[in-house]
Amino acid sequence: MTKSECVDKYFLLMEQRPQLFTHSDILPIVKDRDVIEQYTADTGNTIGVIYQSKYNCWIIDLIEGNNGKYFTYERVVPSANGRGVVCVPVYKGQYILLKQYRHAIRSTQICFPRGYGEIGVDSAVNAQKELYEEIGALVKYAEKIGEVAADSGLTSAIADVYLCEIDSYDRTACSEGIAEVFLCSHHTLKMMIARGEINDSFTICAFAMLPHN
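Structural notes, computed from the coordinates. (Residues numbered from 1 in each chain as written. Predicted model: local features only at pLDDT ≥ 70, side-chain atom pairs only at ≥ 80, totals over all residues. Heavy atoms only, no water.)

1. Some details on the sheet that holds strand E3 (residues 70–78)
Backbone-to-backbone hydrogen bonds join strands into a sheet, with any given pair of strands oriented parallel or antiparallel.
Phase 1: With antiparallel pairing, the 3 strands of this open sheet are ordered in space as E1-E2-E3. Looking at the sheet topology across the chains shown, the edges are occupied by strand E1 (48–52) and E3. Between one strand axis and the next, the sheet turns through 20° on average, direction left out of account.
Phase 2: Strands in contact with helix H1 (residues 3–16) are E1 and strand E2 (56–64); relative to E1, the strand with the most contacts, it is inclined by about 95°.
Phase 3: Taken strand by strand, helix H2 (residues 33–43) contacts E2 and E3, and its axis lies near 110° from that of E3. (Pairing = 2+ DSSP bridges. Helix = DSSP H or I, 4+ residues; strand = E, 2+ residues; numbered from the N terminus. Axes fitted to C-alpha atoms, helices over the stretch in contact; angles between N-to-C directions. Contact = heavy atoms within 4.5 Å.)

Structure below.
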């Protein structure tokens, strides 16, 4: 995209999703197109939407500092309006965990199932959908127990955390980089986190929200 196209997409996003551009006296976002275009002309830097897929949108904002000078701040926002989800599946008193390969870190993690938000899909429905798609689970009920902003230094994404009672699931699921599906007791999960065997922030946060920790 050209610099002008990035700015065009930026103002369209601002119009469609104003909640992403709420005012802050601490880090005020410049919303004057003339100022933005002058800044890009003077510095050669790109402002606006620099990349977008069906999952994420990469933005560079222009910020006005308290000294009157401008600087840029990068962030990633979900392409969809819907909330992402973290699922804590419970089957016969034990948690279901995944051993799953994560492309971003080029490594395998032990984690609870999770997924991106989808346009027009309630997060409770999304949680059940994710569990069915990832491990073939049939959910008896799902209760929201909190929410997680896993990396607020980079992304605006906030995921809802659901405690889900499972009737059945597929132990042989192998989609989306899932190498293993296994059961784990509350105590064992706590010890795995304490020993550093689990470093997935979504899983650690979700576990901290559970009762009797």
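2. Focus: the nonpolar core
Phase 1: Formed by 21 residues in total, the largest nonpolar core has its most connected members in Val 86, Val 88, Tyr 95, Leu 97, Phe 112 and Leu 189.
Phase 2: Only strand E4 (84–91), strand E5 (94–102), strand E9 (159–168), strand E10 (178–184), helix H4 (186–194) and helix H5 (201–208) provide two or more residues apiece to this core.
Phase 3: Apart from the residues within four sequence positions on either side, Val 86 is in contact with Phe 112, Pro 113, Arg 114, Ala 159, Asp 160, Val 161, Tyr 162, Phe 202 and Ala 206.
Phase 4: Ranked by size, the runner-up nonpolar core spans 19 residues in total, among them Leu 13, Leu 20, Phe 21 and Ile 47. (Core = buried A, V, L, I, M, F, W, Y, C linked by side-chain atoms within 4.5 Å. Buried < 20%, exposed > 50% of the residue type's maximum accessible area, 1.4 Å probe, protein only.)

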